[in-house]
Structure formats: C-alpha cells, structure tokens
Amino acid sequence: MSKALDLSMEGLQDHHRRVAYIAYRLGEKYNLTPTQKRDLVYLGLIHDIGILRWDANDERIRQIAENEFEHCRRGALILKNSYFDHYARYIFSHHDHYVGKNPSGLTGEEIPLLCRVLFLADRIAVNFNPESCILEKVKYWREYFTKRKIFDPRLLEVFFELAEAEEFWLTLGDSDILNQRLEEIGYAEELINLPDMIGLAELFAKLVDHKSRFTFFHSQLVGEIAEYLGKVLNFGQEDVSFLKIAGLLHDIGKMSVPESILEKPGDLTEEEFLCMKKHSFYTYYLLKGVFPEKIVKVAAYHHEKLDGSGYPFKKKGEELGFEERLLAVIDIFVALLEERPYRKGLDYLEIKGIMEEMGQRNKIDRELVRVVLDNYPELQAIKKKLSEA
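What counts as what
Residues numbered from 1 in each chain as written. Predicted model: local features only at pLDDT ≥ 70, side-chain atom pairs only at ≥ 80, totals over all residues. Heavy atoms only, no water. Helix = DSSP H or I, 4+ residues; strand = E, 2+ residues; numbered from the N terminus. Core = buried A, V, L, I, M, F, W, Y, C linked by side-chain atoms within 4.5 Å. Buried < 20%, exposed > 50% of the residue type's maximum accessible area, 1.4 Å probe, protein only. Salt bridge = Lys/Arg side-chain N within 4 Å of Asp/Glu carboxyl O. Phe/Tyr/Trp six-rings, centres within 6.5 Å; stacked < 30°, edge-to-face > 60°. Lys NZ or Arg CZ within 6 Å of the ring centre and 35° of its normal. Expected span 1.5 Å × (residues − 1). Axes fitted to C-alpha atoms, helices over the stretch in contact; angles between N-to-C directions. Parallel < 35°, antiparallel > 145°, perpendicular 65-115°, else oblique. Left-handed = near helix turned anticlockwise from the far one by under 90°. Contact = heavy atoms within 4.5 Å. Disulfide = S-S within 2.5 Å. Polar contact = N/O pair within 3.5 Å; in protein donor to acceptor, adjacent residues only side chain to side chain.

**Here we look at unusual backbone geometry**
A cis amide bond links Tyr311 to the next residue, Pro312, at an omega of 0°. Here Pro312 lies in the loop between helix H19 (293–300) and helix H20 (322–337). Although it is not a glycine, Asn81 adopts a positive phi angle of roughly 60°. Phi is positive for Asn362, close to 60°, though the residue is something other than glycine.

Shown next as structure tokens:
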C-alpha cells in the first residue's frame, strides 16, 4: 500500500517509507513494545491515505493536503470498518498538536503516544531533503524543531539524540538501504487466512476506485461479479475467494496513472495510452510477494488477449489460464456497463455486440463471454445493489 500511495503522489516518493522508518527508530529509542513499534511502521506506511489524489497543480487537492486535519479526517473515514479499522483513531489524530486546539479535542498526554510519534516522524520526513548535503544540515535540526511548540518535548529529546547518528540520516537518503532496513525490521507480515486477504483487498479496491468519479466502485463491482460467476461455474470456495480478491485488486496499478488521464473526456493520445498501459504492470509488482502468485497473475493479466495483442506481458492462448480469461472478460463487461468520461454506460445489446465481436476475433474467450451475457440480469442487480450501498 505504501508503494501504491507513493505512485499516486508525484514528488512524495519514499515519503511513507521514511515516516515508517523514522517512527520505528523513535519508538525503539523510546523503549516502546514490539507491538507498538510494529504499529508505528504500519501507521507510517499508510498515514497519508486521506490524500488519495495528489496533483501539485490542482489547487483543490493542494488545499486538502495542506489542511493537515482534513486529510486526517478523510483517512480515518477510509479506514473505518476496513481491514485497518483499529488504526482509524490514530490516523485521525496523527497531526494533533501537543499544545492542543485539535479537532479531536485532545491535548498533551491525552493524545495517544503513537500519534505523537507519528506526527514528529512525518514532520522530520517532510523537511528532509535527500538532494542536499545530508550531514551538513543535521546541526540545524535542533534549532528548527525546538522553535515549534507543537511536538511532545520528551519525544523531541529522543529525536535529538537519534539525530546525532550519521547512519540515521544516510539511511533516509538512500532508497535501497531504506527498503533493506525496513525488510530487516520485518514490517511485512504474511497474511495467514482468506478473511484477512479479502479484507485487505477490499481496502485496496476502495483506494483505487476513489481515484476517479467514473470508476468509483469499478474494482468492487469486478470483485463482486467475479465471486458470483465463480459460484455459477462451480469453483471451490478457495478458488471463488481467490477470484474475488483478484477482481478487487486488478486495477491497483492505476495508482500510478494521473487523474487527468483517467477522467479525460475524449480519446487518449498515444503517449497517454502508453501511460495507461503501465497500470497492469504495476498491479503485478505491487501484489507480488504479498498475495499468492495465483491471485497476482489473475489480477495482472486482465488486459492480456488470446491472440497475444494485449499488454503488458504479451501472454496468449494457453499461457492464459481459465481464471485469467474469465477476469479479463468480466473487466471488459464492467467497463462497458459503467459510465465513462467520454460516454454513457452501454445497454445489453451494445455490450453483447462488442463482446461477441471481440470473441470472434480471438481477443477474449467466447465461451466465457456467453457465461457473462447469460447472467446479465443477475450482474445488473449486483451493480444496482453496490451503487445503492
């Protein structure tokens, strides 16, 4: 999720990993428990989840980002009733000032300790400039932070002690070493059961779908339809769940695509289409190592075509398994069903004509096109229910 957030925030690459690392080191120096230190890493990686869309040239988005409490509120709402529901209260208060006057109503020691650590870590990361001579700037940090009365004074003393170590700053300035240190810390816990994987996938889907008002529940709808058709086709329970998860996750790579392209009302230029095509590549590498390989392939291969003309891996024919073919058909169906910036959602006959023609040209599986079309009323009902939720 950290990498996905970084992809959506041009100019803030590595920010979330820096915050996670700084928070962990502060917690370590403060003698926090292993559980608290683990929570700080997770919170650091997702703390800016309330700024899903980032464009330095978009004044409305800049205002959300610069209003520190607004993005905290949005982030907490996104996490509420999700896989990370237990972190919502920390995200809500992760910019609370020690001196008070916060939307939470909290002040001083009333603010949860993890929030106080996270706020300091975030401000350190924001003011850190890897392009400058890192060690030369260290002497200014004490003066800079001492002037600001918004931080926990005891945590500031911990930070000043930590700041004396050159390795701390050098680690922050090198992306490869930073990632290595986070791996050594062991922040990536393995998901051990299907409910956890589904919960996390549903959160990812919500993040991606918020990128554009035209795809507000696209990933969620693909996931729901995938689950329904998996049952229709008599998949086993685990395979049904895996297919649903792949549907929820298939567009996570769109975090790398600018909203100006996602919401363009006309045809994409060749350059814009090339930018769009990279999203399924990022889907593969964002999910790899986190979810089972079967889920990763089904999710990432949704733009591959049977004749090899798809993207980005140029898979074809027998290289594409049954579930991979099925999700590709579902994704096309949902895209045609939904409204887009350049057209209204299509009706049954229009969808039928387009999908059958694609099947005849050996782009997608004709038998699976028939399965989707035969279940059109039920799939429309799923869309209606999701849109009304």
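There is more to say after this.
**Quick look at the nonpolar core**
One recurring pattern in soluble globular proteins: nonpolar side chains tend to sit buried together. Residues Phe159, Phe291 and Phe333 are the most contacted members of the largest nonpolar core, which totals 108 residues. Counting residues in each nonpolar core, the second largest holds 5 residues, with Val257, Ile261, Leu262 and Met276 among its members.

**A closer look at the pattern of salt bridges**
Opposite charge on two side chains permits pairing when their charged atoms draw close. This structure, assessed with the given rule, holds 26 salt bridges. As a salt-bridge pair, Lys244 and Glu202 come within 3.8 Å of each other at their nearest N and O atoms. Here Lys244, found in helix H15 (residues 237–249), pairs with Glu202, found in helix H13 (residues 194–209); they are 42 residues apart in sequence, far enough to count as distant. Measuring nitrogen to oxygen at the nearest pair gives 3.6 Å for the salt bridge that ties Lys288 to Glu293. Take Glu293: its relative accessible area is 32%, and that puts it in the partly exposed class. Shared partners join several salt bridges into a network, and the residues in it are Glu109, Arg116, Asp152 and Arg154.

**Regarding the packing of aromatic side chains**
What the rule picks out here adds up to 23 aromatic pairs. With centroids separated by 5.7 Å and ring planes inclined at 20°, the aromatic side chains of Phe84 and Tyr87 adopt a geometry described as stacked. Tyr87 gets classed as buried once you look at its relative accessible area, which sits at 2%. An aromatic cluster of three or more residues is present, and its members are Tyr21, Phe119, Phe128, Tyr144, Phe145, Phe151, Phe159, Phe160, Phe168 and Trp169. The ring centre of Tyr144 lies 3.8 Å from the NZ or CZ of Arg148, which sits over that ring.

**Things to note about the environment of Glu319**
Relative to the elements of secondary structure, Glu319 occurs in the loop between H19 and H20. Distance in space between the C-alpha atoms of Glu319 and Leu306 is 8.6 Å, their sequence separation being 13 residues.

**Some thoughts on helix H5 (residues 68–79)**
Given a rise of 1.5 Å per residue, 12 residues ought to cover 16 Å, and the 17 Å separating the end C-alpha atoms of H5 matches this to within 8%. Immediately downstream of H5, the backbone of Asn81 shows phi near 60°, a positive value.

**Notes on the packing of helix H14 (residues 218–232) against helix H23 (residues 376–388)**
Between H14 and H23, the shortest axis-to-axis distance is 10 Å and the interhelical angle comes to 140°. On the basis of their axis angle, the class for H14 and H23 is oblique. Considering how the two elements wind past one another, H14 and H23 form a crossing that is right-handed. Counted together, Gln220, Leu221, Glu224, Ile225, Tyr228 and Leu229 of H14 and Glu378, Leu379, Ile382, Lys383 and Leu386 of H23 form the full contact between these two elements.

**Details of the state of the cysteines**
This model, assessed by the stated rule, comprises 0 disulfides. For Cys72, which is in no disulfide, the shortest distance to another cysteine sulfur is to Cys115 and amounts to 9.0 Å. What makes Cys72 buried here is its relative accessible area of 0%. For Cys115, a relative accessible area of 1% puts it in the buried group.

**Comments concerning helix H12 (residues 175–185)**
Between a side-chain oxygen at the N-terminus of H12 and the backbone nitrogen of Asp176 the separation is 3.1 Å; the capping residue is Asp174. Looking one or two residues beyond H12, the residue adopting positive phi is Gly186, at roughly 85°.

Interpretation note: all reported values are geometric properties and have no functional meaning in isolation.
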